[in-house]
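Per-entry structural report
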Amino acid sequence: MPTETLQIPTPDGQADAFAAFPDRGERHPGVLLYSDAFGVRPVLEEMARELAGHGYYVLVPNLYYRHGPAPVVELPEHIGEEIRPAVIAQLMPLLEAHTTTECVLRDAGAYLEFLTAQPEVSAGPVAVTGYCIGTLLALRTAAAHPDQVAAVAGFHPGFVVTDAPDSPHRLVPKLTAEVHLGLAEGDLSPEVISELNQALDAAGVGYTCEIYPGTVHGFTMSDTDAFNASGLRLHWDRLLSLLDRSLANS
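So, here is what we can say about the structure in this document. Keep in mind that this is a model prediction, so the values were computed, not measured.

Right, let's talk about the nonpolar core for a bit. By size, the foremost hydrophobic cluster in this structure holds 56 residues, and its most contacted members are Leu32, Tyr34, Tyr57, Leu59 and Leu175. Take this core: its biggest share by element is 7 residues, from helix H4 (residues 133-144). Non-local contacts of leucine 32, meaning those with residues more than four positions away in its chain, are made with Leu59, Pro61, Tyr111, Leu112, Leu115, Ala127, Val128, Thr129 and Thr141. Ranked by size, the runner-up nonpolar core spans 30 residues in total, among them Val40, Val43, Ala127 and Leu243.

Shown next as structure tokens:
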């Protein structure tokens with residue numbers, strides 16, 4: 001499985017990124033993968049390899065590139081609950097700086113331009129997927145580039161429904177992509193899920209918003225205490241089905 005560490009030109013500098021793609025000498029549909037708050041690390045690289053093994057070119061940018069190459073803070077092999085608060089405290093200023101709407105949109109345009117220009121990526125639409133805070137980035141990217149993004153997925157999402165005027169759920173009318181959101185139990189209240197579903201219904205896009213049973217926030221990440229193997233398997237089932245439907249002709 002070929003993998004590369006790449007540099008993506010952006011309006012604010014060079015973003016380092018990890019890419020994985022099939023070793024077949026062909027072109028494949030592109031997928032932009034946004035990490036959770038802990039950023040690019042071995043578990044994200046392994047997930048990219050897994051997805052690439054199903055026939056996709058997967059690009060995983062370092063969300064915090066303005067502060068240096070990944071990892072921008074020292075991460076243990078396993079991010080247990082006892083150290084999670086300290087790691088999050090280190091990352092929070094970077095997270096806040098890099099998830100402003102202006103930064104996200106500048107970066108999204110650069111990432112998509114780079115992804116679609118790769119010789120291994122086929123012509124046609126791409127997909128965007130994200131984990132935790134990455135869901136917010138994925139939705140913003142899909143809403144800002146409806147002509148390029150045919151599928152958007154988010155797992156154990158954070159901050160997708162807020163009181164802000166540019167809350168991601170208020171951007172749903174701009175989507176043309178099919179959407180899947182895989183929620184952990186307790187990620188969003190029933191009232192928030194209802195509000196999100198109403199926005200998606202009104203937009204007229206195909207979507208599923210599903211609570212994965214027995215999961216807690218962060219369930220896809222095998223290097224955390226939140227990991228849930230059955231939740232990860234369900235995530236792969238839903239994600240691969242979405243990509244197959246949306247990118248089959250790419």
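Right, let's get into the packing of helix H3 (residues 101-117) against H4. Where H3 contacts H4, the two axes come as close as 9 Å, and the packing angle between them is 65 degrees. One element, H3, and the other, H4, form an angle in the roughly perpendicular class. The crossing of H3 and H4 is right-handed. For the pair H3 and H4, contact is made by Thr101, Val104, Leu105, Ala108 and Leu112 and by Leu137, Arg140, Thr141 and Ala144, respectively. Of the residues contributing to the contact of H3 with H4, the split by class is 6 nonpolar, 2 polar and 1 charged.

So, on to the packing of helix H1 (residues 42-52) against helix H6 (residues 229-247). Between H1 and H6, the least distance of the axes is 12 Å, while the angle of their chain directions is 45 degrees. Taken as axis vectors, H1 and H6 run oblique relative to one another. Crossing hand, H1 versus H6: right-handed. From H1, Met47, Glu50 and Leu51 reach across to H6, where they touch Leu232, His235, Trp236, Leu239, Leu240 and Leu243. By residue class, the composition of the contact of H1 with H6 is 7 nonpolar, 1 polar and 1 charged.

Turning our eyes to something else, we now look at the sheet that holds strand S8 (residues 207-212). Pairing in this open sheet of 8 strands is mixed, and the strands run S1-S2-S4-S3-S5-S6-S7-S8 from one edge to the other. What marks the edges here is a single partner per strand, and that holds for strand S1 (3-10) and S8. On average, each strand axis in the sheet is tilted by 20 degrees relative to the strand beside it, whichever way the strands run. Judged from the 6 bridges that link them, strand S5 (residues 126-131) and strand S6 (residues 149-155) form a sheet pairing that is parallel. Residue pairing across strands places valine 126 opposite valine 149, the latter belonging to S6. Helix-sheet contacts for H4 involve strand S3 (30-34), S5, S6 and strand S7 (178-184), and the interaxial angle to S5 is about 155 degrees. Contacts between helix H5 (residues 190-203) and the sheet are confined to S7 and S8, with S8 contributing the most and set at about 160 degrees to the helix.

Cut-offs used in this document
- Residues numbered from 1 in each chain as written.
- Predicted model: local features only at pLDDT ≥ 70, side-chain atom pairs only at ≥ 80, totals over all residues.
- Heavy atoms only, no water.
- Core = buried A, V, L, I, M, F, W, Y, C linked by side-chain atoms within 4.5 Å.
- Buried < 20%, exposed > 50% of the residue type's maximum accessible area, 1.4 Å probe, protein only.
- Helix = DSSP H or I, 4+ residues; strand = E, 2+ residues; numbered from the N terminus.
- Contact = heavy atoms within 4.5 Å.
- Axes fitted to C-alpha atoms, helices over the stretch in contact; angles between N-to-C directions.
- Parallel < 35°, antiparallel > 145°, perpendicular 65-115°, else oblique.
- Left-handed = near helix turned anticlockwise from the far one by under 90°.
- Nonpolar A, V, L, I, M, F, W, Y, C, P; charged D, E, K, R; others polar.
- Pairing = 2+ DSSP bridges.

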